[in-house]
Amino acid sequence: MSTRILPAVGDADAVRSLTTLIGQLPDAEPLAPVTDSTQLVDTLSRLAAESLDELPEVVVVHERIGPVPALELIREVALRFPAVGVVLVTSDASPGLFQAAMDHGARGLAALPLSYEELASRVQAVAQWSAGVRRHLGAGGDPVPGAGGTVVTVSGAKGGVGATLTAVQLALAAQTSGRATALVDMDLQTGDVASYLDVQFRRSVVDLAAINDISPRVLADAVFRHDSGLALLLAPAEGERGEEVTDRAARHIVGALRSRYEVVVVDCGAQLGGAGAAAVEMADRALLVTTPDVIAVRGAKRTVRMWDRLQIRKAEETTVVVNRHTRSTEIQPPLIARITGTAVAATTVPAHFKELQGVVDAGRVHELEAKSTVKQAMWALAGELSLVRAPQTGHKGGRPRGDRGAAGFRRRRDGTG
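Please read these numbers as outputs of a predicted model, since none were measured by experiment.

## As for the overall build of the protein chain
Okay, step 1: Counting its regular elements, the protein chain contains 14 helices and 13 strands.
Okay, step 2: In terms of overall size, the protein chain behaves like a compact globule, its C-alpha atoms giving a radius of gyration of 23 Å where 417 residues would be expected to give roughly 22 Å.
Okay, step 3: When its C-alpha atoms are laid out on the principal axes, the protein chain stretches across 70 × 50 × 45 Å.
Okay, step 4: Buried residues in the protein chain amount to 52% of all 417 residues.
Okay, step 5: Pairs at least 24 residues apart make up 77% of the contacts formed inside the protein chain by residues separated by at least 6 positions.
Okay, step 6: Across the protein chain, the centroid of the 45 positively charged side chains sits 7 Å from that of the 47 negatively charged ones.

Structure below.
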């Protein structure tokens, strides 16, 4: 039986030498190499969506992979694709790095310069481990996209376009449909999730920043359980403490949440920092909220280009959400799609601030009425993004549990439903 091996190498010379050596291994089936961390995760996600059988048994990660550091990338692969074994190729074969690689989820380490015997030994051992895991999981079972749920980030093209409200309502829609949902405020200096949901809290995302191995108990101590059922991980009350949440810490935190919740919604705000960038890069879906005006759309275009330059997110992997939409405005969604080069959500959110003013001023947006067209649109958006669990047929009352407003997923503006 052949062993599929996927090389992840950023250096052109290293790609050639590594692929040549892999091609000489017995029963090896080399796959086309990937050149950065984003491409690796995207490739594994695409293969996992097809079948567990499509995933490679072994991924060989070179120490100079980027933009995500090799150890952080290994941790993400281990969390999201537990049936894939990772071998780290590095010039530092010290016991300290070996231990760090194992702690991050690697199954083997090969020292540079590579020797045929060492690489063959490592790959064979990891391939056998991977085969054992797959037998345990059951090769004919459901696809295994990774350990945990869907991560969606919500960013603003500029301040004031409604990113936080969108994040809150998407999370509420997912939770109300019966999916365990966490809402994270990663707008670390100016986050308003707590204000929108009338929450007084002691712990925040900062309390997890210095913890390398976030256990379920530690995570449970840090989150705030809201009356709606949402698990909230909030921005610090002291904005200057947001600097303690590095991109590395953000990856650990989002990974821990992904392993515990079916849906994780992350409010990244309008300012790009290391933590927010890490969340956007890790996300299954990255939303960029804009309003249909020149300044906001320019901001959206600027953000999309910046994400692409920094190798955080490609334009075609970003979805723009149009908030405060009216039919009379000159800037319509198709034009925004052409300007930004992104996909635009089919669901637009209407410009009806009067529906929101009372609950926003009271800090209780979770009590927004079900008949609100804004709520109906945002919950329909959650359905478009597959964040909600479809109601079971034959369920009494025909509505998901938790909020009579959940009927708004399919409610039409004519008032039926």
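## Digging into the nonpolar core
Okay, step 1: Core analysis: the biggest nonpolar cluster contains 46 residues, and Met186, Leu233, Val245 and Leu257 have the highest contact counts within it.
Okay, step 2: Apart from the residues lying within four places of it in its own chain, the contact partners of methionine 186 are Val245, Ala250, Val254, Val266, Asp267, Cys268, Ala275 and Gly276.
Okay, step 3: The next biggest cluster of nonpolar side chains, apart from the first, holds 41 residues, and it includes Leu172, Ala174, Val289 and Leu381.

## A few points about the sheet that holds strand β2 (residues 28-30)
Okay, step 1: As summarised here, the arrangement of the five strands in space is β2-β1-β3-β4-β5, forming an open sheet in which the pairing is parallel. If you trace the sheet from one side to the other, it starts and ends with β2 and β5 (108-111), each paired once. Adjacent strand axes in the sheet meet at a mean angle of 25°, parallel and antiparallel pairs treated alike.
Okay, step 2: Inspection of the sheet shows strand β4 (residues 85-90) paired to β5 by four bridges, in the parallel sense. In the sheet register, valine 89 faces β5, and the bridge partner there is alanine 110.
Okay, step 3: Lying on the sheet, helix α1 (residues 12-23) is in contact with β1 (3-8), β2 and β3 (58-62); it crosses β1 at an angle near 170°.
Okay, step 4: With respect to the sheet, helix α4 (residues 95-103) is in contact with β4 and β5, its orientation differing from that of β5 by roughly 145°.

## Overview of the packing of aromatic side chains
Okay, step 1: Tallying each qualifying case throughout the model produces zero aromatic pairs.
Okay, step 2: Against the face of tryptophan 379 rests lysine 375, its NZ or CZ located 4.5 Å from the ring centre.

## Some thoughts on the packing of helix α2 (residues 37-50) against helix α3 (residues 70-80)
Okay, step 1: At a closest axis distance of 11 Å, the pairing of α2 and α3 adopts a crossing angle of 10°. Between α2 and α3, the interaxial angle falls into the category roughly parallel. Facing Ser37, Leu40, Val41, Leu44 and Ser45 of α2, the residues of α3 in contact are Leu73, Glu76, Val77 and Arg80.
Okay, step 2: Its residues placed into classes, the contact of α2 with α3 shows five nonpolar, two polar and two charged.

## Observations concerning the pattern of salt bridges
Okay, step 1: The final tally for this structure, using the stated rule, is 15 salt bridges.
Okay, step 2: Residue arginine 16 pairs with aspartate 13 through a salt bridge whose shortest N-O separation is 2.2 Å. Highlighted residues: arginine 16 and aspartate 13, both in helix α1, separated by three residues, approximately one helical turn. Each member of the pair, arginine 16 as well as aspartate 13, carries the same accessibility label: exposed.
Okay, step 3: Put simply, Glu76, Arg80, Arg258 and Asp284 are held in one network by salt bridges that share partners.

## Focus on the environment of alanine 167
Okay, step 1: By the element assignment, alanine 167 lies in helix α6 (residues 163-176).
Okay, step 2: Owing to a relative accessible area of 0%, alanine 167 belongs among the buried residues under this scheme.
Okay, step 3: Sequence-distant contacts of alanine 167, that is, excluding residues within four places in its chain, are made with Val154, Leu183, Val265 and Asp267.

## Description of the environment of valine 77
Okay, step 1: With respect to the secondary-structure elements, valine 77 resides in helix α3.
Okay, step 2: For valine 77 and valine 59, which are 18 residues apart along the polypeptide, the C-alpha to C-alpha distance reads 9.2 Å.
Okay, step 3: Among residues more than four places away in sequence, those in contact with valine 77 are Leu40, Leu44, Pro82, Val84 and Val86.

## Let's talk about the packing of α3 against helix α9 (residues 247-258)
Okay, step 1: Contact pair α3 / α9: the axes reach a minimum separation of 11 Å and the direction vectors enclose 5°. With respect to their mutual orientation, α3 and α9 come out roughly parallel. Taken together, the residues of α9 that come into contact with α3 (itself represented by Glu72, Arg75, Glu76, Leu79 and Arg80) are Arg248, Arg251, His252, Gly255 and Arg258.
Okay, step 2: The residue inventory of the contact of α3 with α9, partitioned by class, reads one nonpolar, two polar and seven charged.

Cut-offs used in this document
- Residues numbered from 1 in each chain as written.
- Predicted model: local features only at pLDDT ≥ 70, side-chain atom pairs only at ≥ 80, totals over all residues.
- Heavy atoms only, no water.
- Helix = DSSP H or I, 4+ residues; strand = E, 2+ residues; numbered from the N terminus.
- Rg over C-alpha atoms; globule rule 2.2 N^0.38 Å.
- Buried < 20%, exposed > 50% of the residue type's maximum accessible area, 1.4 Å probe, protein only.
- Contact = heavy atoms within 4.5 Å.
- Lys, Arg positive; Asp, Glu negative; His and termini not counted.
- Charge placed at Lys NZ, Arg CZ, Asp CG, Glu CD.
- Core = buried A, V, L, I, M, F, W, Y, C linked by side-chain atoms within 4.5 Å.
- Pairing = 2+ DSSP bridges.
- Axes fitted to C-alpha atoms, helices over the stretch in contact; angles between N-to-C directions.
- Phe/Tyr/Trp six-rings, centres within 6.5 Å; stacked < 30°, edge-to-face > 60°.
- Lys NZ or Arg CZ within 6 Å of the ring centre and 35° of its normal.
- Parallel < 35°, antiparallel > 145°, perpendicular 65-115°, else oblique.
- Nonpolar A, V, L, I, M, F, W, Y, C, P; charged D, E, K, R; others polar.
- Salt bridge = Lys/Arg side-chain N within 4 Å of Asp/Glu carboxyl O.

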